[in-house]
Amino acid sequence: MKLNILYEDKHIIVVVKPSGILSQEDSTKDPDMLTLIKEYIKVNEEKEGNVFLGLVHRLDRMTSGVMVFAKRSKSASRLSEQIKKNEFKKSYIALVEGKVNESGTLKNYLFKNEQEVKSYVTNEKTGKLALLDYELIKYINDNSLVKVNLHTGRHHQIRVQFANIKHPLVGDVLYGSKIKTNLKLHAYKLEFLHPMTGETLMFENYPDWIK
């Protein structure tokens, strides 16, 4: 698979993950971004032996979008620290079924069922806080294209919270979509501080399905 590289230097590499590709290897042994980028670096930089590449954040298998990987351990630790301090910003575009309000905030408590690999809306005692804001971009036929800003990073958060208000993401059959297609969820914007220079970096990428 040819990588869609948005930026690269000796400390980090920013790429676009396609839908259906894992962020890192799992028991399926299916293609994953971490392995693919390591192979690219090994060939491109003519490295021998193991190649270091730090995975500092993930996207779900069926979610596409912008990701940054660390090419040095110090870069990895500094990017991870930004995530802990909420200085690492990801924004998403989603196509949801039905027509939503122009903007809104969704607040729920989510519980992840490890056996089902699925999350559910529950209560404060048994779940973790999930908070997001969304803004309507436009209606596409009977569906809504929205921008989503996450304030928390729960498992399947966007998918669960929109399904909970009866607007599942298009193609998300796990959470009730009746439309059989690829999941329409894309991390279109990523903003963070360069781990070595401190410069603010911002990358945008838009999926083909919004055109």
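Structure: above.
Residues numbered from 1 in each chain as written. Predicted model: local features only at pLDDT ≥ 70, side-chain atom pairs only at ≥ 80, totals over all residues. Heavy atoms only, no water.

Undergrad: Explain unusual backbone geometry here, please?
TA: Trans peptide bonds make up most of the peptide bonds, and negative phi angles are found at most residues other than glycine. A positive phi angle is found at asparagine 86, which is not glycine, with a value near 60°. Along the polypeptide, asparagine 86 turns up in the loop between helix H2 (73-84) and strand E5 (89-97). Not every positive phi belongs to a glycine, and histidine 156 is a case in point at roughly 55°. (Helix = DSSP H or I, 4+ residues; strand = E, 2+ residues; numbered from the N terminus.)

Undergrad: Explain the packing of aromatic side chains to me, please; I cannot follow it from the model alone.
TA: By the definition in use, this model includes five aromatic pairs. Ring centres of tyrosine 7 and phenylalanine 203 lie 5.6 Å apart, and the angle between their planes is 45°; this geometry places the pair in the tilted category. One end of the pair, tyrosine 7, is in strand E1 (residues 4-8); the other, phenylalanine 203, is in strand E11 (residues 200-204), and 196 residues separate them in sequence. With a relative accessible area of 27%, tyrosine 7 lands in the partly exposed category. Since its relative accessible area comes to 11%, phenylalanine 203 is described here as buried. (Phe/Tyr/Trp six-rings, centres within 6.5 Å; stacked < 30°, edge-to-face > 60°. Buried < 20%, exposed > 50% of the residue type's maximum accessible area, 1.4 Å probe, protein only.)

Undergrad: Is there a simple way to think about the side chain of asparagine 113 in this case?
TA: With respect to the helices and strands, asparagine 113 occurs in strand E6 (residues 103-113). Residue asparagine 113 is classed as buried on the basis of its relative accessible area, which comes to 18%. Here the side chain of asparagine 113 touches glutamine 115 through a polar contact of 3.0 Å, landing on its backbone nitrogen. Residues within four places of asparagine 113 in sequence aside, it is in contact with Lys118 and Tyr120. (Polar contact = N/O pair within 3.5 Å; in protein donor to acceptor, adjacent residues only side chain to side chain. Contact = heavy atoms within 4.5 Å.)

Undergrad: Whenever I open this one, the pairing of strand E9 (residues 143-150) confuses me. Can you help?
TA: It is a general feature of regular strands that their side chains alternate between the two faces of the sheet. Examined bridge by bridge, E5 and E9 share seven bridges and lie antiparallel to one another. From the neighbouring strand, leucine 95 faces E9, where its bridge partner is leucine 145. (Pairing = 2+ DSSP bridges.)

Undergrad: How should I be thinking about the pattern of salt bridges in this particular structure?
TA: Note on pairing: side chains with opposite charge can pair once their charged atoms come close. Taken as a whole, this structure holds seven salt bridges when the rule is applied. Its salt-bridge partner being lysine 112, residue glutamate 114 comes within 3.6 Å of it at the nearest N-O pair. Note that arginine 159 and aspartate 172 form a salt bridge whose closest N and O atoms lie 2.8 Å from each other. Here arginine 159, found in helix H3 (residues 157-164), pairs with aspartate 172, found in the loop between H3 and strand E10 (185-193); they are 13 residues apart in sequence, far enough to count as distant. For aspartate 172, a relative accessible area of 2% translates into the label buried. Residues joined in a network through salt bridges with shared partners are Glu8, Glu45, Lys47 and Lys71. (Salt bridge = Lys/Arg side-chain N within 4 Å of Asp/Glu carboxyl O.)

Undergrad: Mind showing me how you'd approach the pairing of E10 here?
TA: Bridge count for strand E4 (residues 64-70) against E10 is two bridges, and the pairing is parallel. In the sheet register, serine 64 faces E10, and the bridge partner there is histidine 186. Here E10 pairs with E11 via five bridges, running antiparallel. Paired with phenylalanine 192 across the bridge in E11 is leucine 201. Here E10 folds back onto E11, and the loop between the two strands holds six residues, one of which, glycine 198, carries a positive phi near 80°.

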